[in-house]
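Coordinates in review
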Amino acid sequence: DTEVTQTPKHLVMGMTNKKSLKCEQHMGHRAMYWYKQKAKKPPELMFVYSYEKLSINESVPSRFSPECPNSSLLNLHLHALQPEDSALYLCASSQSITGTGELFFGEGSRLTVL
Amino acid sequence: DAKTTQPNSMESNEEEPVHLPCNHSTISGTDYIHWYRQLPSQGPEYVIHGLTSNVNNRMASLAIAEDRKSSTLILHRATLRDAAVYYCILIVSGTYKYIFGTGTRLKVLA
């Protein structure tokens, strides 16, 4: 199983809503990532978890709250988002603990904030 | 963080080789060079990576300049399915920082 599964595939939410994006992998990878991708732009790194601990936060606004409940799961909790937060949110995982391994990506969750 | 520079777009004819360049003049000695591609409506997909020596796999070849300030991804025979955005990435040594550059949109002509 070399898949990274993201749910939901599509999400529409209002600015006052609270929602969550979920990501799951069963490859035994110990590093998991969240990226944000706007249309026709490259993915932008948001967060990295290593061994279930937050390793990197690329100065992401606090309305995005990541959580890694176990080594297979990664969540992104969303609250009080703005319309400019509408984007494709990509989850990825890697086996390497040195950051040199291959990244495996999910297909993304497309978020629309009204 | 070290940055990469790629041409915005390239075109190739089907069945012909494609050379996709990437400049990374500020690369550090232990930074790895990765390439990913992203097909429409999909997440990025790993293609190849290397450190100093040229690398080959079933998808492509990676040629790394001797001074490591540039690299070239080589698709030996382009197919229509290779039409995608190709990203060259430097992995900051000792971190998990996979920072994507702007990428090259490859168009393959039948």
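Right above here is the structure, for reference.
Conventions we followed
- Residues numbered from 1 in each chain as written.
- Chains lettered and ligands numbered in written order.
- Predicted model: local features only at pLDDT ≥ 70, side-chain atom pairs only at ≥ 80, totals over all residues.
- Heavy atoms only, no water.
- Helix = DSSP H or I, 4+ residues; strand = E, 2+ residues; numbered from the N terminus.
- Rg over C-alpha atoms; globule rule 2.2 N^0.38 Å.
- Buried < 20%, exposed > 50% of the residue type's maximum accessible area, 1.4 Å probe, protein only.
- Contact = heavy atoms within 4.5 Å.
- Areas by Shrake-Rupley, 256 points an atom, 1.4 Å probe, with all protein chains shown as cover.
- Lys, Arg positive; Asp, Glu negative; His and termini not counted.
- Charge placed at Lys NZ, Arg CZ, Asp CG, Glu CD.
- Phe/Tyr/Trp six-rings, centres within 6.5 Å; stacked < 30°, edge-to-face > 60°.
- Disulfide = S-S within 2.5 Å.
- Core = buried A, V, L, I, M, F, W, Y, C linked by side-chain atoms within 4.5 Å.

Considering the overall build of chain B
On a plain count of helices and strands, chain B comes out with 0 helices and 10 strands. Order of helices (α) and strands (β) in chain B, N terminus to C terminus: β-β-β-β-β-β-β-β-β-β. Here the C-alpha radius of gyration of chain B, 13 Å, is about what a compact globule of 110 residues would show, namely 13 Å. Dimensions of chain B, computed from C-alpha atoms along their principal axes, come out at roughly 40 × 30 × 25 Å. When burial is assessed residue by residue, chain B has 46% of its 110 residues classed as buried. In chain B, of all internal contacts separated by at least 6 residues, the share reaching a separation of at least 24 is 56%. Accessible surface for chain B amounts to roughly 5500 Å². Of this, 48% is attributable to carbon and sulfur atoms. Within chain B, the 10 negative side-chain charges are centred at a point lying 5 Å from the centre of the 10 positive side-chain charges.

Some points on the packing of aromatic side chains
This structure, assessed with the given rule, holds 11 aromatic pairs over all chains. Their ring planes at 25° and their centres at 6.5 Å tell us that Tyr33 of chain A and Tyr35 of chain A sit as a pair that is stacked. For Tyr33 of chain A, a relative accessible area of 0% translates into the label buried. Residue class for Tyr35 of chain A comes out buried when judged on its relative accessible area of 0%. Each ring, one from Phe105 of chain A and one from Phe100 of chain B, has its centre 6.0 Å from the other, and the planes form 75°; the classification is edge-to-face. A residue pair is termed interchain when its members come from two chains, as with Phe105 of chain A in strand β10 (residues 104-105) and Phe100 of chain B in strand β9 (residues 98-100). The exposure class assigned to Phe105 of chain A is buried, which follows from its relative accessible area of 11%. Residue classification places Phe100 of chain B among the buried residues on the basis of a relative accessible area of 8%. Taken together, the ring pairs in this structure connect Tyr33, Tyr35 and Phe105 of chain A together with Tyr36, Tyr46, Tyr87, Tyr96, Tyr98 and Phe100 of chain B into an aromatic cluster.

Some details on the state of the cysteines
Applying the stated rule across the entire model yields 2 disulfides over all chains. Note that Cys23 of chain A is cross-linked by a disulfide to Cys91 of chain A, the S-S spacing being 1.9 Å. The sign of the -75° torsion about the S-S bond sets the Cys23 of chain A-Cys91 of chain A disulfide as left-handed. Taken as a pair, Cys23 of chain A in strand β3 (residues 18-25) and Cys91 of chain A in strand β9 (residues 87-94) lie far apart in primary sequence, 68 residues in all. Across the pair, exposure class does not vary: Cys23 of chain A and Cys91 of chain A are buried alike. Residue pairing for Cys22 of chain B: its cysteine sulfur links by disulfide to Cys88 of chain B, the two sulfurs lying 2.1 Å apart. Around the S-S axis, the bridge from Cys22 of chain B to Cys88 of chain B shows a dihedral of about -80° and counts as left-handed. Of this pair, Cys22 of chain B sits in strand β2 (residues 18-23) while Cys88 of chain B sits in strand β8 (residues 84-91), and the two are 66 residues apart along the sequence. Here Cys68 of chain A stays free of any disulfide, with the sulfur of Cys91 of chain A as its closest cysteine sulfur at 9.2 Å. A relative accessible area of 13% places Cys68 of chain A in the buried class.

Observations regarding the nonpolar core
Core analysis: the biggest nonpolar cluster contains 23 residues, and Trp34, Phe64, Leu76 and Leu78 of chain A have the highest contact counts within it. Elements supplying a minimum of two residues to this core: β2 (10-13), β3, β4 (31-37), β5 (44-50), β7 (64-70), β8 (73-79), β9 and β11 (109-113) of chain A.

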